[in-house]
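Residues per chain are reported as follows:
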Amino acid sequence: MADTLHRSPVLRHREDAFARLPEGLEIVAEPDVALADLRVPEGAVASATGVVGVALPLEPNTWVARPGGQVVWLGPDEWLVSDADERPEALEAALRAAVAPHDGAAVDVSAQRTAVRLRGRHARALLATGCALDLHPSVFGAGRSAQTTLGLVGVVLLALDDRGEDYRILVRPSFAGYLADWLLDAAVEFEPPGPAAAL
Amino acid sequence: MQLIRCPWCGPREEVEFHYGGQAHVAYPDDPAALTDEQWARYVFFRDNPKGAFAERWSHSAGCRRWFNAVRDTRTYRFLAVYKPGEARPEVAS
Ligand SMILES: [Zn+2]
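Residues numbered from 1 in each chain as written. Chains lettered and ligands numbered in written order. Predicted model: local features only at pLDDT ≥ 70, side-chain atom pairs only at ≥ 80, totals over all residues. Heavy atoms only, no water.

Going by the annotation in an unreviewed UniProt entry, the name recorded for chain B is Sarcosine oxidase subunit delta, with Pseudonocardia humida given as the source organism.

Labelled according to an unreviewed UniProt entry, chain A appears under the name Sarcosine oxidase subunit gamma, originating from Pseudonocardia humida.

Peer 1: Looking at this structure, how should I read the sheet that holds strand β8 (residues 145-150) of chain A?
Peer 2: The pairing of strands in a sheet happens through backbone hydrogen bonds and is either parallel or antiparallel. Residues and elements named next belong to chain A. The five strands are arranged β1-β7-β10-β9-β8 in an open sheet whose pairing can be described as antiparallel. In this open sheet, the two strands that pair with only one neighbour each are β1 (26-29) and β8. When the angles between neighbouring strand axes are averaged without regard to direction, this sheet yields 30°. In this sheet, strand β7 (residues 114-119) lies alongside β1 in antiparallel orientation, the contact comprising four bridges. Residue pairing across strands places Ala 29 opposite Val 116, the latter belonging to β7. (Pairing = 2+ DSSP bridges. Helix = DSSP H or I, 4+ residues; strand = E, 2+ residues; numbered from the N terminus. Axes fitted to C-alpha atoms, helices over the stretch in contact; angles between N-to-C directions.)

Peer 1: Teacher, can you tell me more about the interface of chain A and chain B here?
Peer 2: Interface size, as often reported, equals the accessible area lost upon joining of the parts. The partner chain B presents 10 residues to the 15 residues of chain A that form the contact. Summing both sides of the interface, chain A and chain B together bury roughly 950 Å²; the carbon and sulfur share of this comes to 46%. When the buried surface of chain A facing chain B is broken down by residue, Asn61(A), Pro76(A) and Gln147(A) rank first, second and third, together holding 39% of it. The interface formed by chain A and chain B includes three salt bridges. Counting only elements with at least two residues in the side of chain A that touches chain B, the list comes to β4 (69-75) and β8 of chain A. With four residues, the top contributor of residues to the side of chain A that touches chain B is β8(A). (Contact = heavy atoms within 4.5 Å. Buried area = accessible area lost by both parts, 1.4 Å probe. Salt bridge = Lys/Arg side-chain N within 4 Å of Asp/Glu carboxyl O.)

Peer 1: Mind showing me how you'd approach the environment of Leu58(A) here?
Peer 2: All names here are of chain A. Residue position: Leu 58 is located in the loop between α3 (49-52) and β3 (63-66). Considered as a pair, Leu 58 and Leu 35 are 23 residues apart in the sequence and their alpha carbons are 19 Å apart. When residues no more than four places from it in sequence are discounted, the contact partners of Leu 58 are Val 45, Trp 73 and Trp 79.

Peer 1: Just checking my understanding: could you explain the coordination of the zinc ion for this structure?
Peer 2: Residue and element names in this part refer to chain B. Taken together, the protein donors to the zinc ion comprise Cys 6 (SG), Cys 9 (SG), His 59 (ND1) and Cys 63 (SG), at separations of 2.0 to 2.4 Å. Each of the four donor atoms around the zinc ion contributes to a set of angles spanning 104 to 118°, which defines the coordination as tetrahedral. The sequence motif formed by the donor residues of the zinc ion is C-x2-C-x49-H-x3-C. Each of the two residues, Cys 6 as well as Cys 9, counts as buried. (Donors = N, O, S within 2.8 Å, 3.2 Å for Na, K, Ca; no water. Tetrahedral: all angles 85-135°; square planar, octahedral: opposite > 155°, others 65-115°. Buried < 20%, exposed > 50% of the residue type's maximum accessible area, 1.4 Å probe, protein only.)

Peer 1: Any chance you could explain the sheet that holds strand β2 (residues 34-39) of chain A here in plain terms?
Peer 2: All names here are of chain A. Strands sit in the order β3-β4-β5-β2-β6 across an open sheet of five strands; the sheet is antiparallel. Two strands in the sheet have a free side with no partner beyond their single neighbour: β3 and β6 (105-108). Across the sheet, the mean angle from the axis of one strand to that of its neighbour is 25°, orientation sign disregarded. Strand direction decides the pairing type here: β2 and strand β5 (residues 78-83), joined by six bridges, are antiparallel. Counterpart to Leu 38 in the pairing with β5 is Trp 79. Along the sheet, helix α4 (residues 88-99) makes contact with β2, β3, β5 and β6, crossing β2 at roughly 20°.

Peer 1: What am I meant to see in the environment of Pro89(B) here?
Peer 2: All names here are of chain B. If you trace the backbone, Pro 89 turns up in the segment after β6 (78-82). As for Pro 89 and Leu 79, which are separated by 10 residues in sequence, their C-alpha atoms are 9.4 Å apart. If we ignore the near neighbours within four places in the chain, the residues touching Pro 89 are Val 70, Ala 80 and Tyr 82.

Here it is, written out as structure tokens:
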């Protein structure tokens with residue numbers, strides 16, 4: 001429910017620094033939403049479609065939109081389901097009821113990750129300074145995702161557009177401060193030439 | 001940095017992976033029937049070939065799945081990767 005959503009305190013604490021980012025870069029601490037880890041055996045993926053609202057994406061490293069959120073492929077039998085409108089325990093219960101008869105499982109992992117939105121025309125170049133994946137929109141455009149490392153921290157990276165200018169980064173809350181500081185530091189090279197502005 | 005191909009995620013940097021030792025070491029059918037020496041051979045003894053070696057790897061920083069790979073121990077070159085349950089592929093080293 002929207003009134004229960006809050007944003008990571010460690011990210012909120014850095015909002016002044018986010019506001020001073022150079023032109024062409026924007027970082028937003030997104031409100032935390034309900035997240036459920038969904039496990040469904042290969043032969044039973046259709047059992048989740050009703051609750052999820054869309055067919056589970058079967059192609060590795062992709063995500064699809066669903067009512068209220070997203071479904072991210074995490075493994076050949078594992079997905080991350082997000083929902084901004086549902087309470088975490090309700091999302092978990094609905095998913096579990098749908099897949100448990102088919103040897104599937106659903107676990108509320110809402111507290112496991114927080115989301116950072118990175119936007120702007122320098123967004124892809126910024127990520128490329130700390131991520132080894134090919135992020136060119138021809139291979140990492142809208143609908144692509146990756147569990148990988150950014151800087152030194154494990155993230156789930158979602159491409160939200162086809163221009164390399166809009167990404168959602170899911171990170172463990174205890175690493176969110178490190179990630180934010182890393183992004184702010186990496187952004188320095190996109191400052192316009194001239195006297196450096198203090199970040 | 002060397003890239004290792006995860007059977008699901010595709011090529012990723014080697015730091016995303018963890019090594020899991022020799023592949024295709026079957027758990028004994030009846031462990032209680034083994035002598036201490038036979039059990040020790042199962043637990044501790046592994047091949048150490050010079051050349052193609054079938055190994056277990058985990059894509060620990062990515063999809064967290066285990067898979068198998070045939071790697072040339074002389075060159076560190078990965079000759080094949082394959083999913084658990086699949087037979088070791090024939091590869092020329
Ligand atoms: Zn993988």
